[in-house]
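# Summary of structural features
Spelled out, the chains give:
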Amino acid sequence: MERMTLNAAPQWQFSSPAGEANYRAARKRYPAQAIVDLVALRDNMRHLVDVVGGPNSGTAVMGVVKADAYGHGLLPAALAALAGGATWLGTAQSHEALLLRKLGIGPDRCHILTWVYNGTEVPFDELIANDIDVSVGSLPGIDAVAAAARKLGKPARVHVKVDSGFGRNGFTEESFDAALAKLVPLAKEGVLHIVGQWSHLAVADSPDVPEFVASTDRQIANFNAFTARMDKAGIAPEIRHLANTAATLSRPEIHFELTRPGIGLYGYEPDPAMGTPRDWQLKPAMTLQAQLGTVKHVEKGHGISYGRTYLTPDDTSTAIVPLGYADGIHRSASGFDMQGAKHIDKPGGPVRVMTADGPKLYRVSGRVCMDQFMIDLHGSCDQLDVHEGDTVCLFGPGRGEQFAEPTADDWARAADTISYEIFTCLRNRIPRLYLNAADVLPADDLAKLDPTTLL
Ligand SMILES: *Cc1c(COP(=O)(O)O)cnc(C)c1O
C-alpha cells in the first residue's frame with residue numbers, strides 16, 4: 001500500500017503557481033516556516049474596529065506593529081491592519097515608524113505614533129518631517145522635540161504621555177506642572193501641536209482578579225485627572241488613548257477617541273485568564289511549522305539531549321524538530337521526564353504530528369538545543385507512519401480540540417511566558433510567508449511586499 005501523504009500542517013491554498021513555488025523554495029532554504037494569514041489579520045482588525053463601534057463611532061483604532069509586528073513582519077501586518085480599518089499605526093522604536101513611511105505608507109493613509117526613545121537622541125527632525133506623531137513623557141524630551149520643530153519650521157504632533165500607574169514612561173502627577181509650564185507656551189507659539197494625551201494599563205488583562213480591576217479603575221481616574229489639568233491649562237488633548245487589546249475588548253468606557261490593540265490584531269487574547277482567542281472572535285494569524293529531521297528507533301531508558309533530563313519510558317521512536325533556541329524556541333520549553341529518578345517532571349512545548357492514527361500532540365522531550373529539539377513519539381515510527389521530512393506544526397490558528405492543534409498560548413504555558421514573547425523571539429532566519437495577500441491588499445499595497453514571500 002502506498003504511504004499516505006498526511007500532513008500535520010493545514011493544506012495551504014496557494015494563490016498561484018508562483019505562490020506554490022515560493023513555498024517550495026522556502027522549504028528548501030530552511031526546514032521551518034512561519035506562515036501568516038493576512039485574512040486573519042485583516043479580520044481581527046475589522047472585529048476590533050467593530051468592537052469600538054465601527055468606523056464612524058468617534059473612536060479610531062491603532063494597529064500596534066512594534067517589534068516587527070510582534071514577529072509577524074512589519075509591512076505585511078501594517079498593510080493588513082489598514083485593510084481591516086485601522087487608521088493609526090503605532091511602533092515603540094522610532095526607526096520602525098520611519099520604516100513604515102519609507103516603505104510607502106504615507107500620511108494620507110494613516111497617522112503613525114512612536115513612543116520609546118531616550119528623549120535626547122531620537123531623530124525628531126526626521127520624525128517630524130515624515131509626519132510621524134511623537135510621544136513626550138519627560139522634560140528633556142519636550143526640549144528636544146521643540147528644538148527639532150523650531151529648526152524645521154514645522155510643528156511637531158505631540159502626544160503627552162502620563163504615568164497613570166504603570167510606572168514606566170510618562171509624567172507623574174508631581175512632575176506634571178513643570179511639564180505643563182513648558183508645553184503651554186510651546187503650544188501657543190505653534191511649535192508643538194498637542195494632539196493627544198495617553199497612558200498605558202498595567203493589569204487590564206485580569207478581569208477575574210478584583211484587586212487588578214480596582215487598580216485599573218484607579219488608573220482611569222488618574223488618567224482623567226491628568227486630562228482635567230491639561231484642559232485647565234488650555235491645552236485640552238484632541239485625542240485621548242488608554243486602551244490596549246484587553247481594554248478594547250472588555251472596557252468600552254475607556255475607548256475614548258482611540259484604542260491601541262496589539263496582540264488582538266495577531267489573533268490572541270492578552271492573557272489565557274481571559275479565555276481563548278475564539279471567546280473574543282479572534283483568529284491566530286501565524287502558523288509555525290517545521291519539517292522533521294532524523295526519525296529513529298530508540299530503546300527504553302535512553303537519555304535524550306543535554307543533561308539527560310528525559311529518559312524514554314519505553315522502547316520508542318524519536319524525531320528531530322529542526323528549530324532551537326537560536327530560532328527563538330524557548331529553552332524553558334524543554335520537557336523533563338526522569339522516570340522518577342530525580343522527580344523532575346515537566347511537559348515540554350507541544351508539537352502536532354500527523355500519524356497513522358490521526359493528528360497527535362507530542363511534547364519537547366529533553367532540553368531544547370541551539371538549532372533543534374527532539375520529540376518522543378511514544379511508539380514505533382513505522383507503525384505511526386511518521387517519517388523524516390514530514391511537516392509538523394508547533395502552533396497555528398487553534399482550530400479546536402478535534403484538530404489537536406496547539407496555539408502560542410500552549411507554548412507560552414510550557415515556557416512560563418506569554419504568547420507575545422513566543423512570537424517576538426522567532427528569529428528572522430525562519431522564513432515568513434504570507435497567505436491571501438492578493439485577497440486582502442489593493443494592488444499598489446501588494447506591490448510593496450517582497451513577492452517571494454507571497455503564497
Ligand atoms: C504594546 C503596547 C500596546 C498593545 O498592547 P496589547 O496588549 O498587545 O494590545 C498598546 N500600547 C502600548 C504603549 C504598548 O506598548
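Scroll up to find the structure this text is about.
First things first, this report covers the structure right here in the doc. (Residues numbered from 1 in each chain as written. Predicted model: local features only at pLDDT ≥ 70, side-chain atom pairs only at ≥ 80, totals over all residues. Heavy atoms only, no water.)

This part takes up the layout of surface pockets. The calculated volume of the largest pocket comes to roughly 470 Å³. Taken together, 25 residues make up the lining of the largest pocket; nearest its centre are Lys 66, His 200, Leu 201, Asn 244 and Tyr 420. Grouping the constituent residues of the lining of the largest pocket by class yields 15 nonpolar, 4 polar and 6 charged. (1 Å grid on protein atoms, 1.4 Å probe; cavity = no way out; pocket = protein on both sides within 12 Å on 5 of 7 lines; lining within 4 Å. Points joined across faces, edges and corners; volume = space filled by probe spheres on them. Nonpolar A, V, L, I, M, F, W, Y, C, P; charged D, E, K, R; others polar.)

With that settled, consider the site of the ligand. What surrounds the ligand is a group of 13 residues, the closest being Lys 66, Tyr 70, Thr 245, Ile 263 and Tyr 420. Taking Lys 66, its side chain carries an N or O atom lying 2.6 Å from an oxygen atom of the ligand. Side-chain polar atom of Thr 245 to an oxygen atom of the ligand: 2.5 Å apart, as the coordinates give it. Protein contact buries 94% of the 390 Å² of open area that the ligand shows by itself. With respect to the detected pockets, the ligand is housed in the largest pocket. For the shell around the ligand, the per-class residue count stands at 6 nonpolar, 4 polar and 3 charged. (Near = heavy atom within 4 Å. Polar contact = N/O pair within 3.5 Å; in protein donor to acceptor, adjacent residues only side chain to side chain. Areas by Shrake-Rupley, 256 points an atom, 1.4 Å probe, with all protein chains shown as cover. Sits in = over half its atoms within 2 Å of the grid points.)

What follows concerns the pattern of salt bridges. Should their charged atoms come close, side chains of opposite charge can pair. Within the structure shown, the criterion is met by 20 salt bridges. With a shortest N-O distance of 3.6 Å, Lys 283 and Asp 37 are connected by a salt bridge. Placement of Lys 283 in the loop between β9 (258-259) and β10 (286-291) and of Asp 37 in strand β1 (residues 32-37) is noted, with a sequence separation of 246 residues between them. The exposure class of Lys 283 is partly exposed, given its relative accessible area of 40%. Across the pair Lys 182 and Asp 143 runs a salt bridge whose closest N-O atoms are separated by 2.8 Å. Residue Lys 182 is found in helix α8 (residues 176-189), and its partner Asp 143 is found in helix α7 (residues 139-152); the two are separated by 39 residues along the sequence. (Salt bridge = Lys/Arg side-chain N within 4 Å of Asp/Glu carboxyl O. Helix = DSSP H or I, 4+ residues; strand = E, 2+ residues; numbered from the N terminus. Buried < 20%, exposed > 50% of the residue type's maximum accessible area, 1.4 Å probe, protein only.)

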